[in-house]
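Geometric and topological summary
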Amino acid sequence: MNFKMFAALFAFMTFIYFGKAEVINVTDDSINANDQVTWTANNTYVLDGFVFVEEGAVLTIEPGTVIKGKPGTGEDASALIITRGAQIFANGTADKPIIFTALADDPYRVDDMPLDVNGLWGGLIILGKSQINTPGGVGNIEGIPSDEPRGGYGGGENPILDDNSGVVRFVSIRHGGTDIGANNEINGLSLGAVGSGTTIEYVEVYRNADDGFEFFGGTVNTKYLISAFNGDDSFDYDEGFNGKGQFWFSIQAEDDGNCGGEHDGATKPEDSTPYATPQIFNATYIGSGVNSGRDKSIALHVRDNAGGTYKNSLFTDFGGKGIEIEDLESGEDSRARLDAGELVFNNNIWYGFAGGNALDNMAPGDGQAFVRDYFGNTANKNWIEAPMLRGVTRTNDATLDPRPQAGSPALTNEAADYPMIGDEVDPFFTETDYIGAFGQTNFWLKGWTMLDAAGYLSDGGTTGTDIQVFDSDIKAGDNVTWSSENTYHLNGFVFVEEGATLNIGAGTVIKGLPGQGEQASALIICRGAKINANGEANNPIIFTSEMDDVTTLDEMPIDVNGLWGGLIILGNSQINTPGGEGQIEGIPSDEPRGQYGGGENPNLNDNSGVIRYVSIRHGGTDIGANNEINGLSLGAVGAGTTIEYVEVFRNADDGFEFFGGTVNTKYLVSAFNGDDSFDYDEGFNGKGQFWFSIQAEDDGNCGGEHDGATKPEDSTPYATPQIYNATYIGSGATSGRDKSTGFNVRDNAGGTYKNSIFTDFGGKGIEIEDLESGEDSRARLDAGDLVFNNNIWYGFAGGNSLDNMAPGDGQAFVRDYFGNTANNNWLVDPLLMSVGRDGNEETGTKLDPKPGFGSPAITNEVATVPADDFFTQTNYIGAFSPLDSKFWLSGWTMLDEANYIDNGTSVEENVVNGVELVGNYPNPFATNTTIKYNVTEANNVSLTVYDATGNKVANLVNEFQTAGVYTIDFDGSKLANGVYFLKYSVNGLNVTKQLLIIK
């Protein structure tokens, strides 16, 4: 969902649940010293003048909250000021950003006022107790009257370098920068002596009249900052700023904006210490345009003895020059910092200046010869070459995309190493192998910014790009989007780390590179991370092998597996392993990011995101010692996660494996996988419905391999999941595969299967562990923790008796259980429409696992599902309704794409020799329904109704009819509830449609 859609929905939901949002006027008296104040998303807060959050006070702002500033200049200006010793916790989210804007702005619309206005209110100011190099260590913040003592910042003689002013995350600040007098405007976000204990990331300043961001000294570290179309400088630092920055993005308007970075060292004296030497990596600064004519549009202006580091950054499209470094006739200056190695530019790309793309254009003037010498020195690795960005625009025409194209030097040039702390890379920095604020995948501007809401940003482009994805691409806290115009290639294990979110658009294809052991490729969603892979019924998300051309079925054999790894999701729910944590199968045991489980305090409702309409193909590579990766591995995944409509096709190991957890799943497909179709263990306690499995004739073991625990096997909680409406089809009763078994239940596993079908296995139907001593799965059966009710069993290698279903002397108790009629387990042919394993062939038996005429899946008693919102009550047994002419496997699975399944007769196909059966209404019906059909050419027409056992119950039409539209009423008032079939015949050709009577 894009931000505009979210905003409209959010506004609507706010109205529905809370009534019309209340507008709350906030004045300077509203938040006094030591107050604890919360602003909530169901209200709009209007700043009336300068609002100071005074010392000791804490202001908490919920995600999705809107704060507006009243208009005014001078002493009547509106701004929010977090004073020294106070804190703000403005912790928005990617889908619910916090918005600061003008009173006149409706943030849920983009047409309520001009997009390019600024100066309509003040801004956000945060003041702290860290260091500044002003004598005495204290200053008065710009934008606040000098006689206001609460405008002071800096820790004086004893600064607190790690001072904590709170959290500002996913915040958009718009249309501010009002003038308080003498051309003294307020910046979008002013940071005065803010300390490194403060968290500032994912913050946008849009159309501010003054600077976007200004750092007045301090030691705060920031990531993912956006300065868009601001009136003065994008990023301004001075007074000895010594923080760290990464992923800073700036774009100037064609008619406004000065420096991408204006960097000063000190005020007076200019040689005061500490020097300003911040470390900035991965910036992308885009100017006003080469042809804008704006000579003030400069990438960087460094002066007043400022130092600092820019590495792995990109500066392009400026109407003036690239850089100017102050060089005074006497005294220390920024040239002195360059000469001393305290002003550093390495591994950067520079391109697009008014006069051209030579050093003379980048740093013109006689006084800048030393600058040209520095940048001309190849050892410093500054390149003047086109960065090949995907799209640059300054109008909201949906073409702004500052990510590098394939082949860009931002991707191919050498990136600088990141700062070290001891033997490790500084944990603040995210290591990248690209230059600039964006790689090919992480378009982190999307979803929460005004740039996105107002339609500036591209949807990702129309030209598909092959994008290599490495483990370094998605780090803790990142918000990454993969979109369908690109193909993403997993190069090794790619971990989506704690706090990160990976969004995958419908239709996206992700491919795993080949490799085994440590070279295997897989996507792993770590504990505390999320994946939102939200495909669509006719536009699924596909995970497959690098060798698979998803546009053709002829690229490689359809039955291969083990070509890459798989998809692994790890959560914080419960497992019954002692200590409540484990290391996921398929990941090296020494990789800490492979941990799952919530330990002693599991979160049963943990939310790892959404997996919907996803097909996972040809995976299961071996990482060593016969340790393959499952198609979809779920480690302690919680019930807050949504998993439905997921297929695993031709995986070398299991299709699905649940390692504990409480996740609930629907509409799962395990097709032709090498080991078990559905495997659960370690105390899995989720719910499942509409699970489908089919085995290959020459591969596959258990339909369900269900274990309770590892060591000790009697650990709790027991595995007691509830599964309804499964259909498991084995390798074929005559396949000769004795490993093709319906179930193997062991290691103290329990669980419930009801309303399910198990058929066509080359071995037996079920085996339940019975140990000589200790608790086992027989104990769970005896205790009522292992339950099989209202199921159909049929088609085993030896025949269709209880002895074939559960053979062996040690399984007599199993035969007793299934022979007990009170348990409603029937050994009877389910009469499925067809069972075929012939994919990608014009001839051969197709697969249609719906129950047909007379099936006991329609006529036998159906168990009532548990009374909760997850389960769907059905009137049939198995995973498929007999009424679905196009069933839920269609449109998104490899089974459908590769022509395995017979989709049956759709409404559009209900034409035989010029007679079209349009349909009937209502359906279902209680007593009467009207059938409509169209005869386009005169024919003999017959319409007959049958019950589910195949007995004729009514002749409706049997005559020669001329062309025309006909309707006929069918009276079903004397018939029992259930499924019936309307068959119409024209000259010996038949079409059947299901009818359902429910009274």
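Predicted model, so just to flag it, every value in this text is computed and none were measured.

Cut-offs and rules
- Residues numbered from 1 in each chain as written.
- Predicted model: local features only at pLDDT ≥ 70, side-chain atom pairs only at ≥ 80, totals over all residues.
- Heavy atoms only, no water.
- Helix = DSSP H or I, 4+ residues; strand = E, 2+ residues; numbered from the N terminus.
- Buried < 20%, exposed > 50% of the residue type's maximum accessible area, 1.4 Å probe, protein only.
- Contact = heavy atoms within 4.5 Å.
- Areas by Shrake-Rupley, 256 points an atom, 1.4 Å probe, with all protein chains shown as cover.
- Lys, Arg positive; Asp, Glu negative; His and termini not counted.
- Charge placed at Lys NZ, Arg CZ, Asp CG, Glu CD.
- Phe/Tyr/Trp six-rings, centres within 6.5 Å; stacked < 30°, edge-to-face > 60°.
- Lys NZ or Arg CZ within 6 Å of the ring centre and 35° of its normal.
- Pairing = 2+ DSSP bridges.
- Axes fitted to C-alpha atoms, helices over the stretch in contact; angles between N-to-C directions.
- Core = buried A, V, L, I, M, F, W, Y, C linked by side-chain atoms within 4.5 Å.
- Polar contact = N/O pair within 3.5 Å; in protein donor to acceptor, adjacent residues only side chain to side chain.
- Salt bridge = Lys/Arg side-chain N within 4 Å of Asp/Glu carboxyl O.
- pLDDT = per-residue confidence, 0-100.

A few points about the overall build of the protein
Helices and strands together make up the secondary structure of the protein, namely 11 helices and 70 strands. Each principal axis of the C-alpha atoms in the protein carries an extent, and together these give about 105 × 75 × 55 Å. Residues counted as buried form 61% of the 999 residues belonging to the protein. Of the contacts made within the protein by residues no fewer than 6 positions apart, 70% connect residues no fewer than 24 positions apart. Total accessible area computed for the protein in this model is approximately 35500 Å², and 45% of it derives from carbon and sulfur atoms. Each charge class in the protein can be summarised by its mean position, and for the 57 positive and 141 negative side chains these summaries are 5 Å apart.

A closer look at the packing of aromatic side chains
One pass over the full model with this rule turns up 76 aromatic pairs. Between Tyr285 and Phe315, the ring centres sit 5.4 Å apart and the planes meet at 70°, which makes this aromatic pair edge-to-face. You can see Tyr285 sitting in strand E21 (residues 279–286) and its partner Phe315 sitting in strand E24 (residues 314–316), a full 30 residues away along the chain. For the pair formed by Tyr285 and Phe315, the shared burial category is buried. Each ring, one from Tyr645 and one from Trp892, has its centre 6.0 Å from the other, and the planes form 85°; the classification is edge-to-face. Placement of Tyr645 in strand E47 (residues 642–649) and of Trp892 in the loop between helix H10 (856–859) and helix H11 (894–897) is noted, with a sequence separation of 247 residues between them. Pair check on accessibility: Tyr645 and Trp892 agree, each one buried. Positioned above the aromatic ring of Phe428 is the side chain of Lys223, whose terminal nitrogen or guanidinium carbon lies 5.1 Å from the ring centre. Across the ring face of Tyr718, the terminal group of Arg780 is positioned such that the distance to the ring centre comes to 3.8 Å.

Let's talk about the sheet that holds strand E42 (residues 567–570)
As summarised here, the arrangement of the 9 strands in space is E36-E39-E42-E46-E48-E50-E52-E54-E57, forming an open sheet in which the pairing is parallel. Every interior strand has two partners, whereas the edge strands, strand E36 (493–496) and strand E57 (766–768), have only one. Strand-to-strand twist across the sheet, computed as the mean angle between neighbouring axes with direction ignored, equals 10°. Of the pairings in the sheet, the one linking E42 to strand E46 (residues 632–635) comprises 4 bridges and is parallel in character. Residue Ile569 lies in a different strand from E46, and its bridge partner there is Leu634.

Looking at the nonpolar core
Grouped together as the largest cluster of nonpolar side chains are 65 residues, with contacts concentrated most on Trp39, Leu80 and Phe345. With 4 residues, the top contributor of residues to this core is helix H4 (residues 369–376). Once residues lying within four places of it in the same chain are set aside, the contact partners of Leu80 are Trp39, Leu47, Val51, Val53, Leu59, Ile88, Phe100, Gly123, Leu124 and Ile125. In terms of nonpolar packing, the next biggest core, distinct from the first, is built from 64 residues, Ala529, Ala749, Ile768 and Val787 among them.

Examining the sheet that holds strand E7 (residues 79–82)
One open sheet accounts for 9 strands, arranged E4-E7-E10-E14-E16-E18-E20-E22-E25; its pairing is parallel. This sheet does not close on itself; its edge strands, each paired only once, are strand E4 (50–53) and strand E25 (323–325). Between one strand axis and the next, the sheet turns through 10° on average, direction left out of account. Examined bridge by bridge, E4 and E7 share 4 bridges and lie parallel to one another. Paired with Val53 across the bridge in E7 is Ile82.

Some points on H4
Buried residues of H4: Phe370, Val371, Arg372, Tyr374 and Phe375, and no others. On its buried face, H4 sits against E25, helix H2 (334–339), strand E26 (343–346), strand E27 (348–351), helix H3 (359–362) and strand E28 (382–384).

Description of unusual backbone geometry
The omega torsion of the bond from Thr273 to Pro274 falls at 0°, within 30 degrees of zero and hence cis. Looking at the secondary structure, you find Pro274 in the loop between strand E20 (259–264) and E21. Across the junction of Thr716 and Pro717, the peptide omega takes the value 5°, indicating a cis bond. Along the polypeptide, Pro717 turns up in the loop between strand E52 (702–707) and strand E53 (722–729).

Notes on the environment of Thr927
Assignment of secondary structure puts Thr927 in the loop between strand E64 (915–921) and strand E65 (928–935). Given a relative accessible area of 38%, Thr927 falls into the partly exposed group. In this structure, the C-alpha to C-alpha distance between Thr927 and Ile998, residues 71 residues apart in sequence, is 8.5 Å. Not counting the four nearest positions on each side in its chain, Thr927 is found in contact with Phe970, Asp971, Gly972 and Ser973. Within the local environment of Thr927, its side chain forms a polar contact with the side chain of Asn928, the two groups lying 3.2 Å apart.

Quick notes on the pattern of salt bridges
In the structure shown here, the tally under the stated rule is 38 salt bridges. Lys321 is the partner of Glu324 in a salt bridge, and the nearest nitrogen-oxygen pair spans 2.7 Å. Owing to a relative accessible area of 25%, Glu324 belongs among the partly exposed residues under this scheme. Between Arg593 and Asp471 there is a salt bridge, with its nearest N and O atoms 2.7 Å apart. In this pair, Arg593 sits in the loop between strand E43 (582–583) and strand E44 (595–596) while Asp471 sits in the loop between strand E33 (466–469) and strand E34 (479–482), placing the two residues 122 residues apart along the sequence.

A short note on the environment of Asn258
Position of Asn258 among the secondary structure elements: in the loop between strand E19 (244–251) and E20. Asn258 sits in the buried class, given a relative accessible area of 19%. The spatial distance from the C-alpha of Asn258 to the C-alpha of Gly732 is 74 Å, given a sequence separation of 474 residues. In this structure Asn258 touches Gly231, Asp232, Asp233, Gln252, Arg294, Lys296, Ser297 and Ile298, once residues within four positions along its chain are discounted.

What about the confidence of the model for the protein?
Per-chain confidence: the protein averages 90 in pLDDT, with 93% of residues scoring 70 or above. Here residues 1–20 is modelled with pLDDT under 50, and outside its nearest four sequence neighbours on either side it reaches 28 contacts, counting other chains as well. This model gives residues 905–910 a pLDDT under 50, and the stretch forms 12 contacts once residues within four places in sequence are excluded.

Considerations on the pairing of strand E39 (residues 522–525)
Along any regular strand, the residues point their side chains to alternate faces of the sheet. In E39, alternate side chains face the same way, and those of Ala522 and Ile524 on one face and Leu523 and Ile525 on the other are all buried. Both E39 and E42 contribute to a ladder of 3 bridges, which runs parallel. When the bridges of E42 are listed, Ile525 appears paired with Ile569.

Observations concerning the side chain of Asn791
By the secondary structure assignment, Asn791 is in strand E59 (residues 791–794). In this structure, Asn791 is in contact with Tyr753, Lys754, Asn755, Ser756, Phe758, Asn824, Asn825 and Trp826, ignoring residues within four places of it in sequence.

Comments concerning the environment of Val26
Looking at the element boundaries, Val26 is found in strand E1 (residues 22–26). Given a relative accessible area of 3%, Val26 falls into the buried group. Sequence separation between Val26 and Asp48 is 22 residues; the distance between their C-alpha atoms is 5.7 Å. Residues in contact with Val26, not counting those within four places in the same chain, are Trp39, Tyr45, Val46, Leu47, Asp48 and Val51.

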